[in-house]
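Chain by chain, the residues run as shown.
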Amino acid sequence: MSETPASAPVPPASPDGRKAPRSQDGTPRPVTPGSQAAEGTYRTQPVSFVRRGTRLQGRRQKAWDDHAATLAVDVPRHIADTSVHPEYVFNAAAEFGRTAPLVVEIGSGLGEAVVHAATENPGKDFLAVEVYTPGLAQTIQKIVAAEIGNVRVVQANAPEVLGTMLPAGTVSEVWVFFPDPWHKTKHNKRRMVKDSFAPLVSRVLAPGGLWRLATDWSAYAEQMREVGASSPDFDNVHDGERAGAASPLTQARLTGVDREQSDEPDTDGGWAPRFDGRILTSFENKAHKAGRVIFDLTFRRK
Ligand SMILES: C[S@@+](CC[C@H](N)C(=O)[O-])C[C@H]1O[C@@H](n2cnc3c(N)ncnc32)[C@H](O)[C@@H]1O
């Protein structure tokens, strides 16, 4: 039987007024820092990630030690080490030393897409939002190797970055590529792209700004399409396109690659062509090799 160490910290009360969990004797129940309870229990929404390894070694550690001070946004924390203090506001002009269109990639993983895009688009600035420490360190390595000055990384829970950290209406594009699918029904609520996420994206986007999404899970793709369609703030740039036989959803249904096989065509469409600014990441490459179908969506902020 495992025991909670006597030194384990006691959880703070939730900022949304909910009570912190208590043991049977009424004393606050301790949580292990970095554990699921520490990350998930005290937020108003379940988080879309499970904290994986945070330790760095070798070149990743060196990249972090040498460059985090300049490339990683120094965020005041709130209730957890991936949390952003609600009063903190990011100043892009001060950070990049110029005013340029800002692209925000949510869940940037190993930084493949954002560093490639930043290299191709020196006139734009990029913010990579990720919780996974080794991914952030690898992104920093790539930024340094590419010798580019237009990317910053931030280690933070994305809804907080969109909800308070970024000033409203200041972002030209938000990218969410291959978010964790949480495909089991009991885990669906942990998906990042859901109805409550759309107002956060719309808050930061300038009018006409684009929200680009990609996934290799057909049920999540349908959910994303629905989230965009039911938001009053967005238009689907490719509304009605790629319906019927041309729809990736029809293809996924016919092949049964990630769902029950069916010959019912997708009559709605609305799928974007592959965004040519999105390079093939190692993550997407694995999906292709497994015969999975890739879905792209683009919504425009009204
Ligand atoms: C499946 S990976 C995809 C990575 C990358 N976009 C790609 O296409 O290769 C999803 C990433 O989202 C990150 N993530 C999940 N929830 C997040 C959140 N709430 N805030 C920031 N990053 C998150 C995970 O740590 C993970 O690295």
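Cut-offs applied
Residues numbered from 1 in each chain as written. Predicted model: local features only at pLDDT ≥ 70, side-chain atom pairs only at ≥ 80, totals over all residues. Heavy atoms only, no water. Helix = DSSP H or I, 4+ residues; strand = E, 2+ residues; numbered from the N terminus. Buried < 20%, exposed > 50% of the residue type's maximum accessible area, 1.4 Å probe, protein only. Contact = heavy atoms within 4.5 Å. Areas by Shrake-Rupley, 256 points an atom, 1.4 Å probe, with all protein chains shown as cover. Salt bridge = Lys/Arg side-chain N within 4 Å of Asp/Glu carboxyl O. Near = heavy atom within 4 Å. Polar contact = N/O pair within 3.5 Å; in protein donor to acceptor, adjacent residues only side chain to side chain. Expected span 1.5 Å × (residues − 1). UniProt positions renumbered as here; feature names shortened; annotations may be inferred.

**Student:** Explanation requested: the overall build of the chain in the structure shown.
**Tutor:** For the chain, the helix and strand inventory stands at 10 helices and seven strands. Counting over 302 residues, the chain shows a buried share of 46%. At a minimum sequence separation of 6, the contacts of the chain that also span at least 24 residues come to 74%. Accessible surface, the chain: about 14,900 Å² in total, of which carbon and sulfur atoms supply 51%.

**Student:** Hey, could you run me through the pattern of salt bridges in this one?
**Tutor:** Opposite charge on two side chains lets them pair, provided their charged atoms get close. For the coordinates displayed, the defined rule picks out 14 salt bridges. In this structure, K62 engages D66 in a salt bridge whose closest nitrogen and oxygen atoms are separated by 2.5 Å. Residue K62 and its partner D66 are located together in helix α2 (residues 58–71), separated by four residues, close to a single helical turn. By relative accessible area, which is 51% here, K62 ends up exposed. By relative accessible area, D66 is classed as partly exposed at 42%. Among the salt bridges present, the one from D235 reaches K302, with a minimum N-O distance of 3.9 Å. With D235 in strand β6 (residues 234–236) and K302 in the segment after β7 (295–301), this pair connects stretches of sequence that are 67 residues apart. Taking relative accessible area as the criterion, D235 reaches 39% and is therefore assigned partly exposed. We classify K302 as partly exposed; its relative accessible area is 49%.

**Student:** I tried to follow the site of the ligand on my own but got confused; where do I start?
**Tutor:** Taken together, the neighbourhood of the ligand is formed by 18 residues, with S48, G107, E130, N157 and F177 sitting nearest. E130 places a side-chain nitrogen or oxygen 2.5 Å from an oxygen atom of the ligand. Here N157 contributes a side-chain N or O atom positioned 2.8 Å from a nitrogen atom of the ligand. Computed on the free molecule, the ligand has an accessible area of 590 Å², of which 93% lies beneath the protein chains in the complex.

**Student:** What am I meant to see in helix α5 (residues 133–146) here?
**Tutor:** Note that an α-helix has 3.6 residues per turn; residues three or four places apart therefore point the same way. Counted at 1.5 Å a residue, the expected span for α5 with its 14 residues is 20 Å, and the 20 Å between its end C-alpha atoms agrees. Among the residues of α5, T133, P134, G135, L136, A137, Q138, T139, I140 and I143 are the ones counted as buried. Positive phi appears at E147, one or two residues downstream of α5, with a value of about 55°.

**Student:** Help me understand the UniProt feature "binding site: substrate" (unreviewed entry) in the chain, please; the structure alone is not making it clear to me.
**Tutor:** UniProt records the feature "binding site: substrate" (unreviewed entry) at K184, D216, T281, S282, F283 and E284, using the numbering of this structure. By the secondary structure assignment, K184 is in the loop between β4 (171–177) and α7 (198–204). Among the structural elements, D216 can be located in the loop between β5 (205–215) and α8 (218–230). Dropping the residues within four chain positions of it, D216 is found in contact with F178, D258, F283, A287, R292, V293 and I294. At 2.9 Å, the side chain of D216 and the side chain of R292 are in polar contact.

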